[in-house]
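The residues making up each chain are set out below.
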Amino acid sequence: KPPKPPGPVPAAVKYLRLINLLTSIGVCVLSFVIILGSLGANADMTKAIMCLYVFMFGIMICCFELQLKAVAQYIAGNFGFFFDAKMRSAFLLFVALLCFDLGPLGIICGSALCFISALNLYALLMYPDYVQAPAISEEQKKQALNSATKTAANAYIQSQTQQPAQQQQPGFTQV
């Protein structure tokens, strides 16, 4: 028996998605401006690389909140933690910590991300039906999980088969 689809999306969840979207756009704009500012003679490459990461994380959050079917399938396959309330909140806190090192505007964006992380955790625990309300089916989620599990298993097996050859010292034979 298939689970019944959730009813209408509560207003709190709609506003939360909008706040997440606006904050992610703000994070992207901030990091882009800082990257452009760091291209001058006094280039701080560490900050530029960190801004690049923050920009990409902001794009991920933005794409997730738009909930386009193709993007939702990709995110479910590669970033499944977005569908878990605790893990999404932890990710938002991680991005917030990166933002705190980007100057005064970064502190503002980081504080906003900390706030929406707490809001996400609260709202997604209050409305558990909407934690997994993306534009993909349960079967597609299972396929994505199986694909990720197979990839991880193959990488582990490959690393284990290469490891003994790397650990063997010249002149010694393994028994």
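Located above this text is the structure these notes cover.
Residues numbered from 1 in each chain as written. Predicted model: local features only at pLDDT ≥ 70, side-chain atom pairs only at ≥ 80, totals over all residues. Heavy atoms only, no water.

Trainee: Would you mind showing me how to read the packing of aromatic side chains here?
Mentor: Two numbers describe a pair of aromatic rings. These are the distance of the centres and the angle of the planes. This model, assessed by the stated rule, comprises seven aromatic pairs. With a centroid separation of 6.2 Å and 40° between ring planes, the pair formed by Tyr 53 and Phe 57 is classed as tilted. With Tyr 53 and Phe 57 both in helix α2 (residues 45-66) and four residues apart, the pair spans about one turn of that helix. A ring pair is formed by Tyr 74 and Phe 79, whose centres lie 6.1 Å apart and whose planes are at 65°; its orientation type is edge-to-face. Assessed through its relative accessible area of 52%, Tyr 74 is described here as exposed. We classify Phe 79 as partly exposed; its relative accessible area is 22%. One aromatic cluster in this structure is built from Tyr 53, Phe 57, Tyr 74, Phe 79, Phe 81, Phe 91 and Phe 94. (Phe/Tyr/Trp six-rings, centres within 6.5 Å; stacked < 30°, edge-to-face > 60°. Helix = DSSP H or I, 4+ residues; strand = E, 2+ residues; numbered from the N terminus. Buried < 20%, exposed > 50% of the residue type's maximum accessible area, 1.4 Å probe, protein only.)

Trainee: Whenever I open this one, the pattern of salt bridges confuses me. Can you help?
Mentor: With the rule as written, the count across this model stands at one salt bridge. Between Arg 88 and Glu 65 there is a salt bridge, with its nearest N and O atoms 3.7 Å apart. One end of the pair, Arg 88, is in helix α4 (residues 85-99); the other, Glu 65, is in helix α2, and 23 residues separate them in sequence. You'll find Arg 88 and Glu 65 in the same group, each marked buried. (Salt bridge = Lys/Arg side-chain N within 4 Å of Asp/Glu carboxyl O.)

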